[in-house]
Amino acid sequence: MSRLDEDRKKIDVIDRQIAELFEKRFEIVKDVIEYKIENRLPILNSGREAEITRKNTALIQDEDIREYFKVWYEELLLLSKEYQKQIQEEQ
């Protein structure tokens, strides 16, 4: 097996883990929006969003990819807000 094939298999394993964690995260996001609906809270909390983006971006040790992670994380938060909005509109 070539190094490329080995690396692709490793990526496949990581992708499965990411998918599992994504699903778990969005299960919790659903709980969060249900709480927000019950308590008439807005979807967006920009202060919290900025703080968790900063905190999680700082976890990336490799400076060469830190900015890529930040972009990816911000997109994750955008998707989370869109999901919350969808649930809110269905209620």
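Provided above is the structure to which this section pertains.
This write-up is about the structure you can find in this document. Remember, it's a predicted structure, so these values are computed and weren't measured experimentally. (Residues numbered from 1 in each chain as written. Predicted model: local features only at pLDDT ≥ 70, side-chain atom pairs only at ≥ 80, totals over all residues. Heavy atoms only, no water.)

Let us look at helix α2 (residues 46-57). Two residues of an α-helix separated by three or four positions point the same way, owing to the 3.6 residues in each turn. End to end, α2 covers 16 Å across 12 residues, agreeing with the expected 16 Å (1.5 Å per residue, within 8%). Those residues of α2 that fall on the buried side of the exposure criterion are Ile52, Thr53, Asn56 and Thr57. All buried residues of α2 lie within an arc of 125° about the axis, which places them on one face of the element. (Helix = DSSP H or I, 4+ residues; strand = E, 2+ residues; numbered from the N terminus. Expected span 1.5 Å × (residues − 1). Buried < 20%, exposed > 50% of the residue type's maximum accessible area, 1.4 Å probe, protein only. Arc of directions from axis to C-beta.)

Taken as a whole and judged by the stated rule, the model has 4 salt bridges. A salt bridge links Glu20 to Lys24, with the shortest nitrogen-to-oxygen separation between them at 3.2 Å. With Glu20 and Lys24 both in helix α1 (residues 3-38) and 4 residues apart, this pair spans about one turn of that helix. By relative accessible area, which is 45% here, Glu20 ends up partly exposed. Two residues, Glu74 and Lys70, come together in a salt bridge whose shortest N-O distance is 3.9 Å. Taken together, the residues span about one helical turn, with Glu74 and Lys70 both in helix α3 (residues 63-90) at a distance of 4 residues. Residue Glu74 is classed as partly exposed on the basis of its relative accessible area of 37%. (Salt bridge = Lys/Arg side-chain N within 4 Å of Asp/Glu carboxyl O.)

What follows is about the environment of Leu41. On the secondary structure map, Leu41 appears in the loop between α1 and α2. Note on Leu41: relative accessible area 37%, which makes it partly exposed. Setting aside its immediate chain neighbours within four residues, Leu41 contacts Tyr35 and Lys36. (Contact = heavy atoms within 4.5 Å.)

Counting residues in each nonpolar core, the largest one holds 7 residues, listed as Phe26, Ile52, Ile60, Phe69, Tyr73, Leu76 and Leu77. Take this core: its biggest share by element is 4 residues, from α3. Beyond its immediate stretch of four places on either side in the chain, Leu77 contacts Arg25, Glu49, Ile52 and Thr53. (Core = buried A, V, L, I, M, F, W, Y, C linked by side-chain atoms within 4.5 Å.)

A separate point is the packing of aromatic side chains. This model, assessed by the stated rule, comprises 4 aromatic pairs. Between Phe22 and Phe26, the aromatic rings sit 4.4 Å apart at their centres with planes inclined by 25°, giving stacked as the arrangement. With Phe22 and Phe26 both in helix α1 and 4 residues apart, this pair spans about one turn of that helix. What makes Phe22 partly exposed here is its relative accessible area of 38%. For Phe26, a relative accessible area of 11% corresponds to the buried category. An angle of 20° between the planes, with centres 5.8 Å apart, marks the rings of Phe69 and Tyr73 as stacked. (Phe/Tyr/Trp six-rings, centres within 6.5 Å; stacked < 30°, edge-to-face > 60°.)

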